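# Survey of secondary and tertiary structure
One-letter residues, chain by chain:
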Amino acid sequence: MRNQLYIDGKWADPVQGGMFDVINPATEEVIQQVGAGTAEDIDAAVSAARRAFDTGEWPRLRGAERAKYLRAIAAGIRERQAEIALLEVRDNGKPLPEAEWDIGDAAGCFEFYANLAEQFDNGAEEAITLPDPRFTSKVVKEPVGVAAAIIPWNYPLLMAAWKVAPALAAGCTVVLKPSELTPLTALELAAIADNVGLPAGVLNIVTGLGGEAGQPLAEHPGVDKLAFTGSVPTGSKIMAAAARDIKKVSLELGGKSPFLIFEDADIEQAVEWIMFGIFWNQGQVCSATSRVLVQERLYAPLLERLVAETRKIKIGGGEGKGVLLGPLVSQRQYELVTRAISVAKDAGANVVIGGNRPENLEKGYFLEPTILTDVPLDSAAWTEEIFGPVVCIRPFSAEDDAVRLANDSRFGLAAAVMSKDGARADRVAAALRAGIVWINCSQPTFTEAPWGGYKQSGIGRELGRWGFENYLETKQITKYATDERWGWYIKS
């Protein structure tokens, strides 16, 4: 496992020599120490990225040439998929099958943007028809420059891929700051990029704490574009830092996503998608459908089936066979989630199942999957992101009421609706104020489709061509295409 910083194509210790512990959340044991980068290391990384962009070959290569590097990185990830997935499990805590899925998706993300990089060669210029024949004009798409990417801990390598792959494909250079809770697979990405011969300075990775490395990166004047995924409070600080230098910014922030289930829905399918929507990755998913609204006639039988199936979930270390729910990522996250459950109970919510540490697991940040009912609409459990395996479920009577309750949130990342009535499902999907809406499912994510939210869930979109366009500038080039005098000023 790598533990140094990767700057300007070289592995290096932090300038100040600091290190921090990386802890396995299933055992609470230190599995590695990693370099604690500071402002000096960030400055070195940004300077390297700046040189690579301003005077290096990377932004001047044809997209097809950049695509070769991206495909080589994807191949490197796939060759080491089992190894990297196991490292992700020990770093993050998620079950191994989930980690293997994530690492495969990360490789697929690099492959997708390799294809877009090739297409960019034919679409980087567009001729514009002007009303004055003496002029010709074209629009040129160019890389924005140095991109700073700050990523969270819930999908460590995949979130890195979501930002690094489109930025590199567009011709940008990158400084990546992974979460201090889960830095290990990002460093393996650096090793893979180094192994394929990515030019020095094109990708730089600095591990470190948020205040000591993340903040200096967000505030660095040498950065042209900030891309952040994480909490709303931190996103607000990132946006404020970007405003000082008028940097371009894209933010993917929190959510409190609703799932509307109508009385004609199939109970077994509904239960499966509810569980996938909240218990996958221990509920540490920004788009988790954590508010479930069920039409009154279906409410009681669905709740009974949901409790029964939730009781069957195997909890344990992510490497264990058949484990579907691993530990939360850290002691702090465990305390935040258990505190949220306690506050919900004090507010009048009923814990139908879960809410405690599993009796057979004395170590690790484990929490039973939790279902809350009778949650007051003005309580934090209903309105705020818990980011754990905790779902709030309540009945509704009419479609309009369900849509109103669903949209009554400061968030708008995702939403889901389930009904056998296609017209109703489409109508409700159109009424939901969210950037991602699923019909008869919850959480499927595809690299080809845009990802991002309304309201306080963020700004801009990742993935698909939208994620690629995040890292491009638009330039107009207009030419006077005649030898005639323009004639606005004639000397007497």
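See the structure shown above.
Report on the accompanying structure. (Residues numbered from 1 in each chain as written. Predicted model: local features only at pLDDT ≥ 70, side-chain atom pairs only at ≥ 80, totals over all residues. Heavy atoms only, no water.)

### With respect to the overall build of the chain
Looking only at helices and strands, the chain has 15 helices and 22 strands in total. Computed over its C-alpha atoms, the radius of gyration of the chain comes to 24 Å, within 12% of the 23 Å expected for a compact globule of 492 residues. With the principal axes as the frame, the chain shows a C-alpha extent of 90 × 55 × 40 Å. The proportion of buried residues among the 492 residues of the chain is 55%. Positive and negative side-chain charges of the chain, numbering 50 and 64 respectively, have mean locations separated by a distance of 4 Å. (Helix = DSSP H or I, 4+ residues; strand = E, 2+ residues; numbered from the N terminus. Rg over C-alpha atoms; globule rule 2.2 N^0.38 Å. Buried < 20%, exposed > 50% of the residue type's maximum accessible area, 1.4 Å probe, protein only. Lys, Arg positive; Asp, Glu negative; His and termini not counted. Charge placed at Lys NZ, Arg CZ, Asp CG, Glu CD.)

### Topic: the pattern of salt bridges
Evaluation of the coordinates by the stated rule reveals 28 salt bridges. Between D121 and R62 there is a salt bridge, with the nearest N and O atoms lying 3.3 Å from each other. Of this pair, D121 sits in helix 4 (residues 96-123) while R62 is found in the loop between helix 1 (39-54) and helix 2 (63-79), placing the two residues 59 residues apart along the sequence. Given the relative accessible area of 52%, R62 is considered exposed. Note that E125 and K138 form a salt bridge whose closest N and O atoms lie 3.6 Å from each other. Within this pair, whereas E125 is found in strand 5 (residues 125-128), its partner K138 is found in strand 6 (residues 135-143), the two being separated by 13 residues in sequence. One salt-bridge network, in which partners are shared between bridges, spans E268, R305, E309 and K312. (Salt bridge = Lys/Arg side-chain N within 4 Å of Asp/Glu carboxyl O.)

### Looking at the packing of helix 13 (residues 399-407) against helix 14 (residues 422-431)
Running from N to C, helix 13 and helix 14 point in directions that differ by 35 degrees, and their axes come no closer than 10 Å. The chirality of how helix 13 crosses helix 14 is right-handed. Side by side, helix 13 and helix 14 meet where E399, V403 and N407 of the first sit next to R424, R427, V428 and A431 of the second. Among the residues making up the contact of helix 13 with helix 14, the classes are represented as 3 nonpolar, 1 polar and 3 charged. (Axes fitted to C-alpha atoms, helices over the stretch in contact; angles between N-to-C directions. Left-handed = near helix turned anticlockwise from the far one by under 90°. Contact = heavy atoms within 4.5 Å. Nonpolar A, V, L, I, M, F, W, Y, C, P; charged D, E, K, R; others polar.)

### A look at the sheet that holds strand 13 (residues 291-295)
Reading across from one edge, 14-15-16-13-12-18-19 is the order of the 7 strands in this open sheet, with mixed pairing throughout. Of all the strands in the sheet, just strand 14 (350-353) and strand 19 (436-439) have a single pairing partner and so form its edges. Direction aside, neighbouring strands of the sheet carry axes that sit 25 degrees apart on average. (Pairing = 2+ DSSP bridges.)

### Side note on the nonpolar core
Residues F110, Y113 and I261 are the most contacted members of the largest nonpolar core, which totals 106 residues. With near-sequence residues (within four places) excluded, Y113 lies in contact with L70, A165, P166, A169, T447, L463, G464, G467 and F468. Counting 28 residues, the second-largest nonpolar core is a separate cluster that includes L372, C392, V428 and L432. (Core = buried A, V, L, I, M, F, W, Y, C linked by side-chain atoms within 4.5 Å.)

### Describing helix 8 (residues 232-245)
Each full turn of the α-helix corresponds to 3.6 residues, which orients residues three or four apart in the same direction. Between its first and last C-alpha atoms helix 8 spans 21 Å; for 14 residues at 1.5 Å apiece the expected length is 20 Å, and the two agree. Along helix 8, the residues that are buried comprise V232, G235, I238, A241 and A242. (Expected span 1.5 Å × (residues − 1).)

### Regarding a nonpolar patch on the surface
On the surface, W486, W488 and Y489 cluster together to form a nonpolar patch covering roughly 460 Å² of accessible area. You can see W488 is positioned in the segment after strand 22 (472-480). Given the relative accessible area of 71%, W488 is considered exposed. (Patch = residues over 30% accessible without salt bridge, like charges linked within 9 Å, V, L, I, M, F, W, Y side chains within 5 Å. Areas by Shrake-Rupley, 256 points an atom, 1.4 Å probe, with all protein chains shown as cover.)

### Describing helix 11 (residues 331-346)
For helix 11, spanning 16 residues, the distance from its first C-alpha to its last is 22 Å, which sits close to the expected 22 Å at 1.5 Å a residue. Inspection of helix 11 places Q333, Y334, V337, I341 and A344 among the buried residues, and these make up the whole buried set. Across the axial projection of helix 11, the buried residues extend over an arc of 110 degrees, all falling on one side. The exposed residues of helix 11 that point more than 90 degrees off its buried face are R332, R339 and D346. (Arc of directions from axis to C-beta.)

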